[in-house]
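Residue strings, one per chain:
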Amino acid sequence: MKLGLTGSIATGKSTAAGFFREEGCPVIDADIIAREVVQPGTPALNEIKAAFGSSVIAADGTLDREKLGSVVFSDPAKREQLNAIVHPVIRRAMKQQADEAEAEHEIVVLDIPLLFENELFYLVDKTAVVYVPEKTQLERLMKRNGYSEQEARSRMESQLSIEEKKKRADFVIANCGSEQETARQVSELIEMLLQKQ
Ligand SMILES: CC(C)(COP(=O)(O)OP(=O)(O)OC[C@H]1O[C@@H](n2cnc3c(N)ncnc32)[C@H](O)[C@@H]1O)[C@@H](O)C(=O)NCCC(=O)NCCS
Ligand SMILES: Nc1ncnc2c1ncn2[C@@H]1O[C@H](COP(=O)(O)OP(=O)(O)OP(=O)(O)O)[C@@H](O)[C@H]1O
């Protein structure tokens, strides 16, 4: 089965995904695929250059992520434009990798930050949300990325709120306590999913 792992920025998807990996479940990470599809020479990077100008391309020809991030996270229309270029390519790659992994593993995890926003339910069988209250999310995001409160909030506001995602998920993994407590919830969820098979 395919488990869609989601959450909002900095709620702990990667942390939880690491625990799934430790338990032997392959994890397909949308953020990694999103980086692969814009490598130099890809059609997506060429389209980004055409749409946003060469100021978002670094001297070595790679995408200047910080620059593009500062553009798209402060302008919803620009964000939509970027999404329209990269999301179809990301979705195709995710589906292909997930199908291949599912042939060999009982549980395949798809780590997709924008699962609910983009209604990507066809890619997964069940959804799990990694949850922390918004206050913790803001604190962890500012700390991890060195963002000001405003930079952090503009990124949080580019997504559906974590409270809303919590309501919509099949399963909730609370990441407000220690990482060990999160690891235990991941183990329990895997056990339950395997029993249901
Ligand atoms: C704008 C970009 C270049 C900024 O790069 P940067 O290295 O600073 O951030 P990174 O890619 O690591 O993303 C960090 C987090 O931001 C959030 N995020 C990224 N893109 C988006 C988006 N289009 N809308 C809302 N949130 C987003 C996600 O929670 C993600 O986990 C990059 O995020 C990007 O290419 N975004 C478009 C692709 C996308 O939607 N990726 C997210 C899931 S597929
Ligand atoms: N249980 C925890 N206790 C304390 N800090 C934590 C915990 N879980 C995660 N963190 C920290 O919070 C930050 C966000 O976690 P993580 O990178 O896993 O989130 P994410 O949801 O994958 O983020 P993104 O959406 O940006 O990909 C990291 O700095 C991480 O070290």
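Throughout this document, residue positions are counted from 1 along each chain, in the order its sequence is written. Here every chain gets a letter starting at A, and every ligand a number starting at 1, in the order they are written. Since the coordinates come from a predicted model, pLDDT governs what is reported: local features require at least 70, and pairs of side-chain atoms require 80 or more to be given and counted, while whole-chain, interface and lining totals use all residues. Water and hydrogen atoms play no part in the side-chain values, which are based on all heavy atoms of the structure.

Can you tell me about the confidence of the model for the protein chain, naming the residues and giving the values?
A residue's pLDDT is the predictor's confidence in that residue, given on a scale from 0 to 100. Mean pLDDT over the protein chain stands at 97; residues scoring 70 or higher make up 100%. Model confidence for the complex: the whole-complex pTM is 0.93, and ipTM, which rates the interface, is 0.91.

Explain the sheet that holds strand β3 (residues 108-111) to me, using residue names and the numbers behind them.
Any two strands are treated as partners once DSSP identifies two or more bridges connecting them. The way it works is that DSSP assigns letters per residue, a run of H or I at least four long becomes a helix, a run of E at least two long becomes a strand, and they are numbered from the N terminus. A sheet is described by the order of its strands in space; here five strands give the open sequence β2-β3-β1-β4-β5, paired in parallel fashion. Each having just a single partner strand, β2 (27-29) and β5 (171-174) make up the two edges of the open sheet. Along the sheet, successive strands turn relative to each other by an average axial angle of 25 degrees, direction set aside. Helix-sheet contacts for helix α5 (residues 76-102) involve β1 (2-7), β2 and β3, and the interaxial angle to β3 is about 160 degrees. Axis lines are fitted through C-alpha atoms, for helices just across the contact stretch, and the angle between N-to-C directions can take any value from 0 to 180 degrees. In this description, contact between two residues means that some pair of their heavy atoms is separated by no more than 4.5 Å.

Run through the site of ligand 1, naming residues and quoting values.
We call a residue near a molecule or strand when any one of its heavy atoms sits within 4 Å of it. In the vicinity of ligand 1 lie 19 residues, with Asp31, Arg65, Asn83, His87 and Gln159 positioned nearest. Taking Arg35, its side chain carries an N or O atom lying 2.9 Å from an oxygen atom of ligand 1. Surface accessibility follows the Shrake-Rupley procedure with a 1.4 Å probe radius. Residue values consider only the protein chains on display as shielding. Protein burial of ligand 1: of its 760 Å² of free accessible surface, 89% is covered by the chains. Every element with two or more residues in the shell around ligand 1 is listed here: α2 (30-36), α4 (65-72) and α5. If you tally residues by element for the shell around ligand 1, the top one is α5, at six residues. Under this definition, polar contacts are N or O atom pairs within 3.5 Å; protein pairs additionally need one hydrogen-donor-capable and one acceptor-capable atom, and for neighbouring residues in sequence, both atoms have to be side-chain atoms.

Can you explain the pattern of salt bridges? Please cite residues and give values.
What counts as a salt bridge is simple: a side-chain nitrogen of Lys or Arg found within 4 Å of a carboxyl oxygen of Asp or Glu. Taken as a whole and assessed by the stated rule, the structure comprises ten salt bridges. The salt bridge partner of Glu102 is Lys2, with a shortest N-O separation of 3.6 Å. In this pair, Glu102 sits in helix α5 while Lys2 sits in strand β1, placing the two residues 100 residues apart along the sequence. The partner of Lys78 in a salt bridge is Asp75, and the shortest N-O contact between them spans 3.9 Å. Assessed through its relative accessible area of 32%, Lys78 is described here as partly exposed. Residue exposure (1.4 Å probe, protein chains only): buried if accessible area is under 20% of the type maximum, exposed if over 50%, otherwise partly exposed. Judged by relative accessible area, Asp75 falls into the partly exposed class, the value being 25%.

Please give an account of unusual backbone geometry that cites residues and values.
Even without glycine at this site, Ala10 takes up a positive phi of about 65 degrees. With respect to the helices and strands, Ala10 occurs in the loop between β1 and α1 (13-22).

Now, about helix α6 (residues 134-145): what can you tell me, with residues and values included?
Over its twelve residues, α6 extends 16 Å from the first C-alpha to the last, a length consistent with the 16 Å expected when each residue adds 1.5 Å. Buried residues of α6: Thr136, Gln137, Leu138 and Leu141, and no others. Close packing links the buried residues of α6 with α7 (149-156) and α8 (162-168). In the stretch just after α6, Gly146 is the one whose phi turns positive, near 65 degrees. Working rule for helices: expected span equals 1.5 Å times residues minus one.

Outline the packing of helix α3 (residues 43-52) against α5, listing residues and values.
Direction vectors running N to C along α3 and α5 enclose 155 degrees, while the axes themselves pass 9 Å from each other. Taken together, the axes of α3 and α5 are roughly antiparallel relative to one another. Relative to α5, the crossing made by α3 is right-handed. Taken together, the residues of α5 that come into contact with α3 (itself represented by Ala44, Glu47, Ile48, Ala51 and Phe52) are Lys78, Gln81, Leu82, Ile85 and Val86. Each residue belonging to the contact of α3 with α5 can be placed in one class, and the counts come to seven nonpolar, one polar and two charged. Any angle between 65 and 115 degrees counts as roughly perpendicular, while under 35 counts as roughly parallel, over 145 as roughly antiparallel, and the rest as oblique. In this scheme the handedness of a crossing depends on how the near helix is turned from the far one: anticlockwise by less than a right angle means left-handed, clockwise means right-handed. Think of it as three bins: nonpolar holds Ala, Val, Leu, Ile, Met, Phe, Trp, Tyr, Cys and Pro, charged holds Asp, Glu, Lys and Arg, and polar takes everything else, Gly as well.

Break down the site of ligand 2 for me, citing the residues and quoting the values.
Taken together, 15 residues surround ligand 2, and among them Lys13, Ser14, Thr15, Arg144 and Asn175 come closest. Between an oxygen atom of ligand 2 and a main-chain N or O atom of Gly12, the distance comes to 2.9 Å. Take Lys13: an N or O atom from its side chain is 2.7 Å from an oxygen atom of ligand 2. Top contributing element to the shell around ligand 2 by residue count: α1, with three residues. Along the lines of polarity and charge, the residues of the shell around ligand 2 split into two nonpolar, eight polar and five charged.

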